[in-house]
4 protein chains.
Amino acid sequence: MYSFTCDYTEGAHPLILQRLAETNMIQEPGYGEDSFCESAKAKIRKAIDRPDADIFFLVGGTQTNCTIIDGLLEGCQGVLAAQTGHIAVHEAGAIEFSGHKVLTLPQHQGKIDAAELKAWLEGFYADETYPHMVQPGMVYISFPTEYGTIYSRAELEDISSVCKQYSLPLFIDGARLGYGLASPAADIDLPTLAGLCDVFYIGGTKVGALCGEAVVFPNGDAPKHFFTHIKMHGALLAKGRLLGIQFDTLFTDNLYLKISEHAIKMAGKVKTIFESAGIPFFIDSPTNQQFPILTSEQMSALEGKIAFEIWEKLPDGRFVTRFATSWATTHEAIEELRLVIN
Amino acid sequence: MYSFTCDYTEGAHPLILQRLAETNMIQEPGYGEDSFCESAKAKIRKAIDRPDADIFFLVGGTQTNCTIIDGLLEGCQGVLAAQTGHIAVHEAGAIEFSGHKVLTLPQHQGKIDAAELKAWLEGFYADETYPHMVQPGMVYISFPTEYGTIYSRAELEDISSVCKQYSLPLFIDGARLGYGLASPAADIDLPTLAGLCDVFYIGGTKVGALCGEAVVFPNGDAPKHFFTHIKMHGALLAKGRLLGIQFDTLFTDNLYLKISEHAIKMAGKVKTIFESAGIPFFIDSPTNQQFPILTSEQMSALEGKIAFEIWEKLPDGRFVTRFATSWATTHEAIEELRLVIN
Amino acid sequence: MYSFTCDYTEGAHPLILQRLAETNMIQEPGYGEDSFCESAKAKIRKAIDRPDADIFFLVGGTQTNCTIIDGLLEGCQGVLAAQTGHIAVHEAGAIEFSGHKVLTLPQHQGKIDAAELKAWLEGFYADETYPHMVQPGMVYISFPTEYGTIYSRAELEDISSVCKQYSLPLFIDGARLGYGLASPAADIDLPTLAGLCDVFYIGGTKVGALCGEAVVFPNGDAPKHFFTHIKMHGALLAKGRLLGIQFDTLFTDNLYLKISEHAIKMAGKVKTIFESAGIPFFIDSPTNQQFPILTSEQMSALEGKIAFEIWEKLPDGRFVTRFATSWATTHEAIEELRLVIN
Amino acid sequence: MYSFTCDYTEGAHPLILQRLAETNMIQEPGYGEDSFCESAKAKIRKAIDRPDADIFFLVGGTQTNCTIIDGLLEGCQGVLAAQTGHIAVHEAGAIEFSGHKVLTLPQHQGKIDAAELKAWLEGFYADETYPHMVQPGMVYISFPTEYGTIYSRAELEDISSVCKQYSLPLFIDGARLGYGLASPAADIDLPTLAGLCDVFYIGGTKVGALCGEAVVFPNGDAPKHFFTHIKMHGALLAKGRLLGIQFDTLFTDNLYLKISEHAIKMAGKVKTIFESAGIPFFIDSPTNQQFPILTSEQMSALEGKIAFEIWEKLPDGRFVTRFATSWATTHEAIEELRLVIN
């Protein structure tokens, strides 16, 4: 049986394991002060073309979102996000645990709209009672979104422009960043993305690493006590080398993008398989997550052969499902899927 | 140059890396629901002789302390700990971030005293204003302590008994648990320790793993929503397999204790080297951390050859230093130390 | 100029001021342990027909909501409320500050619907990812709602029944409780309301007091450390007598309901005045808040004579406005309104 | 029976009650935007000789401490205070509830020492592990202290100077400010105190008001969202007029200092009574709290006639007691005390 349930079903890219083994007995200081982290940071700074960027390595996505958001917000400020944003739904209230409200905006295939963001802010400040409400303090978007969609350069520029107008930092959750940038639909690259936001992270967990997310402040303006802040959030890894080695490997010889491109190619095949069978999609996703709408019969046919995730049940009895590819998706898995669907 | 600065200067035990490589492309579900975690839990339950224990795998120490403590305390309760307890000093206020005060007790070579604990509690409730103060809600001790010392069975029984009398859960921070249990000075084993507390964790990060701490509720009475609570704390690893594989390996063929014994043996050699040179110790530690008191001259002699940590400066100008051994300490390092000190 | 902007524009009912003056130099202990608080509690227990109720006096509404909600929820639990609930909108994130998410339900003229609540809960637990989400921990409703509407007995019974089924405490925010109970549209009294929820509060600030809200646990099952919890929330008044005297007065000779009835009578007159002038209402409110829809011209006519609140601007250019009456509304104010509107 | 147990056993100064009655039916906006608050602020600005000061009225002491401290600290910062500081002991963990650690310094009759503060800070930054610890973010002192003692001008200048050197805001808890300033031992006045700190509050609850504390940022540099922050802390009183009227009255015709002087005069009489009887004191307090050391026999003699507070039991069996006077202390009470003691 092959699984397309998510993009974290395997371990790590083999080059990462190899590098972990090679460096295993080298003695290095803890807490991210090792030479691997330094090397990885240098490579990331080069990849984003920002020599002064502040970079920190954290372990997982929810942790990273919460640490960044709580690090940038003042007490009574909240973070604006799409209703479907990961922080609004699937992080068990981590943002609220740190004291901040997630202020939700309408979503369009997982994306927020610059004009609606602006209208929200105008409406907020037009309401005389606004000092009694949570103050907007930053904007969160994910690239790609939870629905696999991506913002165009123009859309990002518009959002960025509204953020600047209202002095709101723009934060891009890049848990699946590679899969967004590697999409043929993407019209931006890493340096461009870095130039359009105030902080973002490069997801490792879902893109080839065992764990790890690289937080980047492109302008080198991380909050003063951000190291201590990470520690306070329980997000400082003692053996920071584990993260340093992984990101150093991912940013050597363009590995991060190469393996992302593999996932996108595999997703294209998945898409074609369903299309050829006349199966419709819930969303037209250009990245590694595909959302075919299946009938009970079609789902039964897959049972025991192909695993996938049920996303939601439609009123007509069919199911929105999710098939995720990744750096690790094999040709065998694709062929098995083709066999079963056809 | 060899480093004795801490017990997390290397990667992981080679068997762990080997196992990570072997299992790398096996597809498994995320968030700790993989078969490796299940297997590791079964082995730990056996090792502690508690078939019904609830077990959770988290990533790092501060995170684990905060998640457990916040998970067991009610809002206005605090945690009692030695003044030198890790949670009281070196966790950047993670406990306070989660809303709870660390109530400090006097320390004796890093340990709290059952009689003093009892006296504190009696004094607390004797003060008529106690409802205006943070309520004691649990007791935290570390085994071994931050000073490398360990509690005897009798001491643990006394503390446990006071806790029971006052209905306070007893939590044992086992970040270096293996090094405590493997000490010749220890008069308890793992099942005994499990029987004397309400929750503890088995430290992986400092005892052979890349990362990971195994949280154990020996009586199977973890809080109802503890999984969600872990997620909320940003402490739920997506690729839980990374933790499962590591603990499964550490609890196969008694590896956890075997490598701990190595560290203790190496620490014995370190001790002998300093003793032979007539160098005194700040504390008589029976575990993997040794605290020789060095003069500036002695420290200079080590420069460039042996790295270690400066713990504190004494009024007479000498320095308390820390030399930590671990599962990874080599004979070469010991010999180099011997050469320099003699 | 007369103001209908809100129901807290004046000081306190004269009997309260009189009683404050009479008792002023009597020496009493602080923190709610005075004889006035005791007397007030006894009278409230009698009024709700619950001899064992636990009662606490707090100062203001947001504070009371936050203290109750944080007192009843576990860490990763949230509170279910209408999208328009005061805690969801106008409390500056106080609930989130205490670590909890407000989970919002659709509102119908400010009210939630039992069937929708049930559907939400069914949907929540049907989603396999629910352990990754904030857990529902209690239900919040306001009586009357922020739109002046009230739940019928049948509606409350239905909501209460769903709450019981899912073991969710039901909390009724009674900031304007008197104005709800005194409405001719109400088909419940105070003992009935107390029997349908787990905790509620009797609003004083908006119903005749200078400040003060009486929190009631009808079943006498307040959380064990609730006193300390109140203190921790900064909600424990040193001179508790100020609250005790006020509630003792309000619950002597049925004053609380009598002055509430006055407000409702005045609201009826306000309603008639607008109706007679052919002015429509945004909501058909049976309590002390009325929401006529005015044109710019109509608003101009009121300028300088009658103050009111603008609630929202409609797409057609008209304005939803709010006219609130209270225990303090005078016949002169009503006559002036009549004069201007006709 | 007369009570000296604390300084909040009575209601309010009669002029306050009178003013509340006179203004009762005047309609005013809520949330501190009423004309009484404006007038009170103007008078306080004049009294402290700071025309640009930002002033906010809160309800009680713990609430005020927590709102100010949480408002000025960043996430991972803590507040330095004497071990005996109110925030460190008697506020039920309100500071920790808001996420911040109280970092304690030695106390000398309730006071911290500038040299020790400096030494603490030097030691903190000299420790290489300091980024793993809670960062010092502000300094809290109380004037008078919890032991009734007061800082001299020179002491305050020294503390202020260390704070400036380390860019730490200095916050003075003035819950009993009047009783400190009115003491013959005080060598500072209100404008001087305002000039030596960054934020302080003028205690009303214990000095003639029913409730209320006036928070002052003498330099007019309150945090941008402080109003919303107060609301989030549940500390914004709906009928702000209650606070405005009280402080307006207290700062009319120097009432605040006059009634404080009365308390100090009464405390002098209490002191003399005990001294004449040869009864020693635990602390030589120059303010309204006196701490005679009584034997069991002496305490028995007072029973049923004079109430007081037991502070702590001494090893020799005697008791440190507290006798507090206030604006409300009567000559009859003093005479009764004299009668019983002699």
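Residues numbered from 1 in each chain as written. Chains lettered and ligands numbered in written order. Predicted model: local features only at pLDDT ≥ 70, side-chain atom pairs only at ≥ 80, totals over all residues.

### Here we look at the relation of the copies chain C and chain B
Let me state the cut-off plainly: Our superposition of the copies is a least-squares fit, built on the C-alpha atoms of residues whose pLDDT is at least 70 in both. By the convention adopted here, residues are in contact when the distance between their C-beta atoms, placed from the backbone, does not exceed 7 Å.
For the pair chain C and chain B, the best superposition has an RMSD of 0.0 Å and corresponds to a rotation of 180° with a translation of 0.0 Å parallel to the axis. Both chain copies can therefore be described as sitting about a two-fold axis. Judged by C-alpha distance, Glu74(C) is the residue of chain C that lies nearest the rotation axis, at 3.9 Å. Interface overlap between copies is the fraction of interface residues in one copy that are interface residues in the other; for chain C against chain B it reaches 100%, indicating a shared surface.

### Looking at the interface of chain D and chain C
Under the convention used in this document: By the criteria applied, helices consist of DSSP H or I runs no shorter than four residues and strands consist of E runs no shorter than two, each listed in order from the N terminus. Lys, Arg, Asp and Glu make up the charged group, whereas Ala, Val, Leu, Ile, Met, Phe, Trp, Tyr, Cys and Pro make up the nonpolar group; the residues left over, Gly among them, are polar.
If you look at the interface, chain D gives 43 residues, while chain C gives 42 residues. Sorting the residues of the side of chain D that touches chain C by element identifies α1 (14-23), α3 (61-72), α5 (94-97), α10 (226-232) and α11 (241-250) of chain D as the ones contributing at least two each. No other element matches the 5 residues that α1(D) contributes to the side of chain D that touches chain C. Taken together, the residues of the side of chain D that touches chain C sort by class into 21 nonpolar, 16 polar and 6 charged.

### Here we look at the environment of Ala42(A)
The test is simple: Residues are called buried when their C-beta atom has 20 or more other C-beta atoms within 10 Å, exposed when it has 12 or fewer, and partly exposed otherwise; all C-beta atoms are positioned from the backbone.
Residue position: Ala42(A) is located in helix α2 (residues 35-48). For Ala42(A), a count of 14 C-beta atoms within 10 Å corresponds to the partly exposed category.

### Structural notes on the interface of chain C and chain B
Listed as interface residues are 15 residues of chain C and, on the opposing side, 15 residues of chain B. Of all the elements in the fold, those that place two or more residues in the side of chain C that touches chain B are α3 (61-72) and α10 (226-232) of chain C. Taken together, the residues of the side of chain C that touches chain B break down into 4 nonpolar, 8 polar and 3 charged.

### Examining the sheet that holds strand β7 (residues 199-203) of chain B
Residue and element names in this part refer to chain B. Short version of the rule: We call two strands paired when DSSP finds no fewer than two bridges between them. Simply put, an axis is a line fit to the C-alpha atoms, just over the touching stretch for a helix, and the angle between two N-to-C directions goes from 0 to 180 degrees.
Strand order in this open sheet of 7 strands is β2-β8-β7-β6-β5-β3-β4, and the pairing throughout is mixed. Each of the sheet's edge strands pairs with one partner strand only, and the pair in question is β2 (54-58) and β4 (102-105). The sheet shows a mean angle of 25° between the axes of neighbouring strands, direction not considered. Relative to strand β6 (residues 170-173), strand β5 (residues 135-142) is paired through 4 bridges, and the arrangement is parallel. By the bridge assignment for β6, tyrosine 140 is matched with phenylalanine 171.

### A word on the sheet that holds strand β7 (residues 199-203) of chain D
Residue and element names in this part refer to chain D. With mixed pairing, the 7 strands of this open sheet are ordered in space as β2-β8-β7-β6-β5-β3-β4. Each of the sheet's edge strands pairs with one partner strand only, and the pair in question is β2 (54-58) and β4 (102-105). Pairs of neighbouring strands in the sheet enclose a mean axial angle of 25°, with direction left out of account. Of the pairings in the sheet, the one linking β2 to strand β8 (residues 213-217) comprises 5 bridges and is antiparallel in character.

### Observations concerning the relation of the copies chain D and chain C
The transformation that overlays chain D on chain C combines an axial shift of 0.0 Å with a rotation of 180°, and the residual RMSD is 0.0 Å. Same-surface contact between copies: 98% of interface residues of chain D are shared with the interface of chain C.

### Thoughts on the packing of helix α6 (residues 114-126) of chain D against helix α7 (residues 153-165) of chain D
The relative placement of two packed helices comes down to the angle between their axes together with the axis-to-axis distance. All names here are of chain D. Threshold: Working rule for angles: under 35 degrees goes down as roughly parallel, over 145 as roughly antiparallel, 65 to 115 as roughly perpendicular, anything else as oblique. Take the far helix as the reference: if the near one is turned anticlockwise from it by less than a right angle, the crossing is left-handed, and if turned clockwise, right-handed.
Across the interface, α6 lies against α7 with an axial gap of 9 Å and an inter-helix angle of 15°. In terms of orientation, α6 and α7 fall into the roughly parallel class. Like other packed secondary-structure pairs, α6 and α7 cross with a definite hand, here right-handed. Of the residues in α7, those in contact with Ala114, Leu117 and Lys118 of α6 are Glu155, Asp158, Ile159 and Val162.

### Here's the deal with the confidence of the model for chain A
For clarity, the cut-off: As a per-residue measure, pLDDT reflects the predictor's confidence and takes values from 0 up to 100.
The predicted model of chain A averages 97 in pLDDT, with 100% of residues at 70 or higher. Interface scoring of the predicted complex returns ipTM 0.97; its pTM is 0.97.

### Notes on helix α3 (residues 61-72) of chain B
Convention followed: By this rule, a helix spans an expected 1.5 Å times one less than how many residues it contains.
Compared with the 16 Å implied by 1.5 Å per residue over 12 residues, the 17 Å span of α3(B) between its first and last C-alpha is a close match. Of all the 12 residues making up α3(B), 12 are buried; the element is thus mostly covered by neighbouring parts of the structure.

### With respect to the pairing of strand β5 (residues 135-142) of chain D
Residues and elements named next belong to chain D. Among the 8 residues that make up β5, 8 are buried, leaving the element largely enclosed by the rest of the structure. Pairing between strand β3 (residues 77-82) and β5: 4 bridges, direction parallel. Bridge pairing in β5 places glycine 78 opposite proline 136.

### Focus on the packing of helix α12 (residues 255-276) of chain D against helix α14 (residues 331-341) of chain D
All names here are of chain D. Where α12 contacts α14, the two axes come as close as 10 Å, and the packing angle between them is 5°. With respect to each other, α12 and α14 are oriented roughly parallel. For the pair α12 and α14, contact is made by Met266, Lys269, Val270, Ile273 and Phe274 and by Ile334, Leu337, Arg338 and Ile341, respectively. Looking at the contact of α12 with α14, its residues break down into 7 nonpolar, no polar and 2 charged.

### A few points about α2(A)
Residues and elements named next belong to chain A. Put simply, the rule is: Summarising the geometry, the arc corresponds to the directions from the helix axis toward the C-beta atoms.
Spanning 14 residues, α2 covers 20 Å between terminal C-alpha atoms, matching the ideal 20 Å at 1.5 Å per step. Restricting attention to buried positions, one finds in α2 the residues Phe36, Cys37, Ala40, Lys41, Ile44, Arg45 and Ile48. When α2 is viewed along its axis, its buried side chains cluster within an angular range of 170° and face the same direction. As for α2, its buried residues are in contact with α1 (14-23), β2 (54-58), α9 (190-195), β7 (199-203), β8 (213-217) and α11 (241-250). Immediately beyond the C-terminal end of α2, within one or two residues, lies aspartate 49, with a positive phi of roughly 60°.

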